[in-house]
2 protein chains.
Amino acid sequence: MKELLRVAADLDLAGVDTSATPGFVGGKEAGEVALADGAEELADLQEQLFAASRTGGDTRSVLLVLQAMDTAGKGGIVKHVIGSVDPQGVAFASFKAPTDEEKAHDFLWRIRPRVPGPGMIGVFDRSHYEDVLIHRVRGFSTPEVIEQRYPQIVDFELELVAAGTTIVKVMLHISKQEQKNRLAERLERPDKYWKYNPGDVDERQRWDAYMEAYEVAIARTDSDEAPWYVVPADRKWYARLAVQQLLLDALRGLDLQWPPADFDVQAEQKRLAAT
Amino acid sequence: MKELLRVAADLDLAGVDTSATPGFVGGKEAGEVALADGAEELADLQEQLFAASRTGGDTRSVLLVLQAMDTAGKGGIVKHVIGSVDPQGVAFASFKAPTDEEKAHDFLWRIRPRVPGPGMIGVFDRSHYEDVLIHRVRGFSTPEVIEQRYPQIVDFELELVAAGTTIVKVMLHISKQEQKNRLAERLERPDKYWKYNPGDVDERQRWDAYMEAYEVAIARTDSDEAPWYVVPADRKWYARLAVQQLLLDALRGLDLQWPPADFDVQAEQKRLAAT
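Description of the structure in this document. (Residues numbered from 1 in each chain as written. Chains lettered and ligands numbered in written order. Predicted model: local features only at pLDDT ≥ 70, side-chain atom pairs only at ≥ 80, totals over all residues. Heavy atoms only, no water.)

### So, helix α9 (residues 207-221) of chain A
Residue and element names in this part refer to chain A.
Turning to step 1, where the next piece is worked out: In this model, α9 (15 residues) spans 21 Å end to end at C-alpha, consistent with the 21 Å of a helix rising 1.5 Å per residue.
Turning to step 2, where the next piece is worked out: Regarding α9, the residues found buried are Trp207, Tyr210, Met211, Ala213, Tyr214, Ala217, Ile218 and Thr221. On an axial view of α9, the arc spanned by its buried residues comes to 160°, and they lie on one face. In α9, those exposed residues whose orientation departs by more than 90 degrees from the buried face are Asp208 and Ala219. (Helix = DSSP H or I, 4+ residues; strand = E, 2+ residues; numbered from the N terminus. Expected span 1.5 Å × (residues − 1). Buried < 20%, exposed > 50% of the residue type's maximum accessible area, 1.4 Å probe, protein only. Arc of directions from axis to C-beta.)

### Describing the sheet that holds strand β5 (residues 228-232) of chain A
Residues and elements named next belong to chain A.
Turning to step 1, where the next piece is worked out: In space, the five strands of this open sheet follow the order β2-β3-β1-β4-β5, with parallel pairing throughout. A single partner strand is all that each edge strand has here, and the edge strands are β2 (90-94) and β5. Across the sheet, the mean angle separating the axes of adjacent strands is 20° when strand polarity is ignored.
Turning to step 2, where the next piece is worked out: Looking at chain direction, β2 and strand β3 (residues 121-125) are connected through five bridges and run parallel. If you follow Ala91 over to β3, its bridge partner there is Gly122. (Pairing = 2+ DSSP bridges. Axes fitted to C-alpha atoms, helices over the stretch in contact; angles between N-to-C directions.)

### Quick word on the sheet that holds strand β2 (residues 90-94) of chain B
Residue and element names in this part refer to chain B.
Turning to step 1, where the next piece is worked out: As summarised here, the arrangement of the five strands in space is β2-β3-β1-β4-β5, forming an open sheet in which the pairing is parallel. Each having just a single partner strand, β2 and β5 (228-232) make up the two edges of the open sheet. Strand-to-strand twist of the sheet, defined as the mean angle between neighbouring strand axes without regard to direction, takes the value 20°.
Turning to step 2, where the next piece is worked out: Relative to β5, strand β4 (residues 165-173) runs parallel, the two sharing five bridges. If you follow Leu172 over to β5, its bridge partner there is Val231.

### A word on unusual backbone geometry
Turning to step 1, where the next piece is worked out: The phi angle at B:Arg126 is positive, at roughly 65°, despite the residue not being glycine.
Turning to step 2, where the next piece is worked out: Mapped onto the secondary structure, B:Arg126 falls in the loop between β3 (121-125) and α5 (134-138).

### Description of the interface of chain A and chain B
Turning to step 1, where the next piece is worked out: Listed by partner, the interface residues are 43 residues for chain A and 43 residues for chain B.
Turning to step 2, where the next piece is worked out: Across the interface of chain A and chain B, roughly 4000 Å² is buried in total on both sides, 66% from carbon and sulfur atoms.
Turning to step 3, where the next piece is worked out: The largest contributions to the chain A side of the interface with chain B come from A:Trp194, A:Leu272 and A:Thr275, which together make up 18% of the buried area.
Turning to step 4, where the next piece is worked out: Remark: the boundary between chain A and chain B carries four salt bridges. (Contact = heavy atoms within 4.5 Å. Buried area = accessible area lost by both parts, 1.4 Å probe. Salt bridge = Lys/Arg side-chain N within 4 Å of Asp/Glu carboxyl O.)

### Focus on the relation of the copies chain A and chain B
Turning to step 1, where the next piece is worked out: At an RMSD of 0.0 Å, chain A and chain B line up after a rotation of 180° and a shift of 0.0 Å along the axis. Such a turn and shift between the copies fits a two-fold axis.
Turning to step 2, where the next piece is worked out: An overlap of 100% is found between the interface residues of chain A and their copies at the interface of chain B, pointing to a shared contact surface. (Least-squares fit on C-alpha atoms with pLDDT ≥ 70 in both.)

### Observations regarding helix α2 (residues 28-55) of chain A
Turning to step 1, where the next piece is worked out: Its 28 residues place the ends of α2(A) 41 Å apart at the C-alpha level, agreeing with the 40 Å of an ideal helix rising 1.5 Å per residue.
Turning to step 2, where the next piece is worked out: Downstream of α2(A) by a residue or two, A:Gly57 has a phi angle that is positive, lying close to 70°.

### Some details on the pattern of salt bridges
Turning to step 1, where the next piece is worked out: By the definition in use, this model includes 42 salt bridges over all chains.
Turning to step 2, where the next piece is worked out: A salt bridge links B:Lys79 to A:Glu47, with the nearest nitrogen and oxygen atoms 3.9 Å apart. Residue B:Lys79 is located in helix α3 (residues 74-80), and its partner A:Glu47 is located in helix α2; the two belong to separate chains.
Turning to step 3, where the next piece is worked out: We classify B:Lys79 as partly exposed; its relative accessible area is 33%.
Turning to step 4, where the next piece is worked out: With a shortest N-O distance of 2.8 Å, B:Glu41 and B:Arg252 are connected by a salt bridge. With B:Glu41 in helix α2 (residues 28-55) and B:Arg252 in helix α10 (residues 236-252), the pair connects residues that are 211 residues apart, well separated along the chain.
Turning to step 5, where the next piece is worked out: Residue B:Arg252 is classed as partly exposed on the basis of its relative accessible area, which comes to 41%.

### Quick notes on the pairing of strand β4 (residues 165-173) of chain A
All names here are of chain A.
Turning to step 1, where the next piece is worked out: Among the nine residues of β4, eight are classified as buried, and the element is accordingly described as predominantly covered.
Turning to step 2, where the next piece is worked out: Both strand β1 (residues 61-68) and β4 contribute to a ladder of eight bridges, which runs parallel. In the sheet register, Val62 faces β4, and the bridge partner there is Thr166.

### Some words on the packing of aromatic side chains
Turning to step 1, where the next piece is worked out: Taken as a whole, this structure holds 14 aromatic pairs over all chains when the rule is applied.
Turning to step 2, where the next piece is worked out: Seen in terms of ring centroids, A:Phe24 and A:Trp237 are 5.7 Å apart; in terms of plane orientation they differ by 65°. Their pairing is edge-to-face. In this pair, A:Phe24 sits in the loop between α1 (2-5) and α2 while A:Trp237 sits in helix α10 (residues 236-252), placing the two residues 213 residues apart along the sequence. A:Trp237 shares its class with A:Phe24; the two are buried.
Turning to step 3, where the next piece is worked out: Relative to B:Trp194, the ring of A:Phe50 has its centre 5.8 Å away and its plane inclined at 80°; by these criteria the two rings are edge-to-face. Taken as a pair, A:Phe50 in helix α2 and B:Trp194 in the loop between α7 (176-188) and α8 (198-204) lie in two separate chains rather than in one. The same class applies to A:Phe50 as to B:Trp194, namely buried. (Phe/Tyr/Trp six-rings, centres within 6.5 Å; stacked < 30°, edge-to-face > 60°.)

### A few points about the side chain of A:Gln67
All names here are of chain A.
Turning to step 1, where the next piece is worked out: Locating Gln67 in the fold gives a position in strand β1.
Turning to step 2, where the next piece is worked out: Within the structure, the side chain of Gln67 is placed 2.7 Å from the side chain of Ser127, a separation counted as a polar contact.
Turning to step 3, where the next piece is worked out: Among the polar contacts listed, one links the side chain of Gln67 to the side chain of Glu130, at a separation of 2.8 Å.
Turning to step 4, where the next piece is worked out: Sequence-distant contacts of Gln67, defined by excluding residues within four places in its chain, comprise Lys74, Arg126, Ser127, Tyr129, Glu130, Leu133, Val170, Met171, Leu172, Tyr214 and Trp228. (Polar contact = N/O pair within 3.5 Å; in protein donor to acceptor, adjacent residues only side chain to side chain.)

### Quick notes on the nonpolar core
Turning to step 1, where the next piece is worked out: Judged by nonpolar contacts, the single largest core of 75 residues is most densely connected at B:Leu64, B:Val170, B:Leu172, B:Val231 and B:Leu251.
Turning to step 2, where the next piece is worked out: In terms of residue count, the dominant contributor to this core is α10(B) (eleven residues).
Turning to step 3, where the next piece is worked out: The residues touching B:Leu251, leaving out its near neighbours within four places in the chain, are B:Leu42, B:Leu45, B:Leu49, B:Val62, B:Ile121 and B:Leu256.
Turning to step 4, where the next piece is worked out: Counting residues in each nonpolar core, the second largest holds 73 residues, with A:Leu66, A:Tyr229, A:Val230 and A:Leu248 among its members. (Core = buried A, V, L, I, M, F, W, Y, C linked by side-chain atoms within 4.5 Å.)

### Thoughts on the packing of α2(A) against α10(A)
Residues and elements named next belong to chain A.
Turning to step 1, where the next piece is worked out: Packing of α2 against α10 brings their axes to within 9 Å, and their N-to-C directions diverge by 30°. Between α2 and α10, the angle falls in the class roughly parallel. Relative to α10, the crossing made by α2 is left-handed. Of the residues in α10, those in contact with Lys28, Gly31, Glu32, Ala34, Leu35, Gly38, Ala39, Glu41, Leu42, Leu45 and Leu49 of α2 are Trp237, Arg240, Leu241, Gln244, Leu247, Leu248, Leu251 and Arg252.
Turning to step 2, where the next piece is worked out: For the contact of α2 with α10, the class distribution of residues is eleven nonpolar, three polar and five charged. (Parallel < 35°, antiparallel > 145°, perpendicular 65-115°, else oblique. Left-handed = near helix turned anticlockwise from the far one by under 90°. Nonpolar A, V, L, I, M, F, W, Y, C, P; charged D, E, K, R; others polar.)

Pasting the structure below:
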């Protein structure tokens, strides 16, 4: 699945079938079973990652970067994929419109303190990529400034990788029509009103400009060290399964082991027995 | 269940049956079914709390404070009770031994930035109570300083309550024998070694002093505004169910509603249709 989702050098988002299920042959029901199976392995691997940081001195971590147009399902990924992992091992960070203080700093200033510590699975719901996506589309920064940010992002991510973070960058990709359906649903259900923002329709009207901004950002920042994946997301069950599999793949690649005891087991058993 | 777990004025921890299941008549299997049922309601109420903070301007939050002797099951509560809630709505904070910088400040300095924001369920795995528990038992602070901290804690918590935080303070209470069993298990299983710390046996040898410190701390800081509950925790399934029920009760008490639309629904439907 991973190979099929990894972006190609000549990424054309308009040419991606957002309702496809690359690398998975079953339908929704089979996908949900696979997700439940994966949840157990993900929880186990997360515990091993966490354990290694606590006694083994292992500083490794995993960072999932989620980017997407509104309604594409970032929230569902967090709830249904990350939600299967022990909350103690998750460092979740949501990046909304920056505050005045954040704006006064370099764009990475607010990002750096939120990178996952040793043993953690970090999740960025939006990220430093907003500074080359909405900033490009809406002209919040000049083209020159945005041009500088791509290599700054590459350097920043390589720094994290060198420090032991495995980075998985995901764009959840829905069709413009699917977004319309999902926004319409939010306007039909009073329990979904809170998720609706009139600004979503404004951004929607800039769809093509966003797709172009994504293509440029992804092309300029994709690498084997910090790879980008474009996940078709019209089918929520598939997008969740795909992101879970990408995370599983990243964790399996760490070759995790339970850390050995850093104390004398028999001596401790004797001490304990004496109490 | 809540009334049965709320501490009495003359709390005597040694007199509590740590294997009891107050307020629940079934056994383990029924308890696990009840936990699964409660998980759905907890997730729904959490979403409403979160939603209210996002559009309704509601600043309310919930804070669960977990205190316990080692192995009593704090981690299991976080994993199995809090784990059923959307990670986006959880602010988890674990308070380990303070750093030098933290020690140089007032004991509440490191606590304040971690209190839950509007719409969040905060969880403290250990807390400001360490500064009147281990500090008393081990003499890390003078009796005079500790004596000052009780009213400081009361004031701090009342401040949070006034700002809209519902506080639920839980001591998970296991027997000394049960702790011995659990520590022994950690020494028998290589996948549990990482949870074992030789210092745990040192603290265990001060069991009675800890029980006394808990009794004093709880008596000095219990109030209707920031109540303490002592949850028998020898049976893990019961402790999880009990803490879940305490959280459910706190959330139900907020009388949450889906926030009304803060935009013109029909006008937005028209705008969307035109895109």
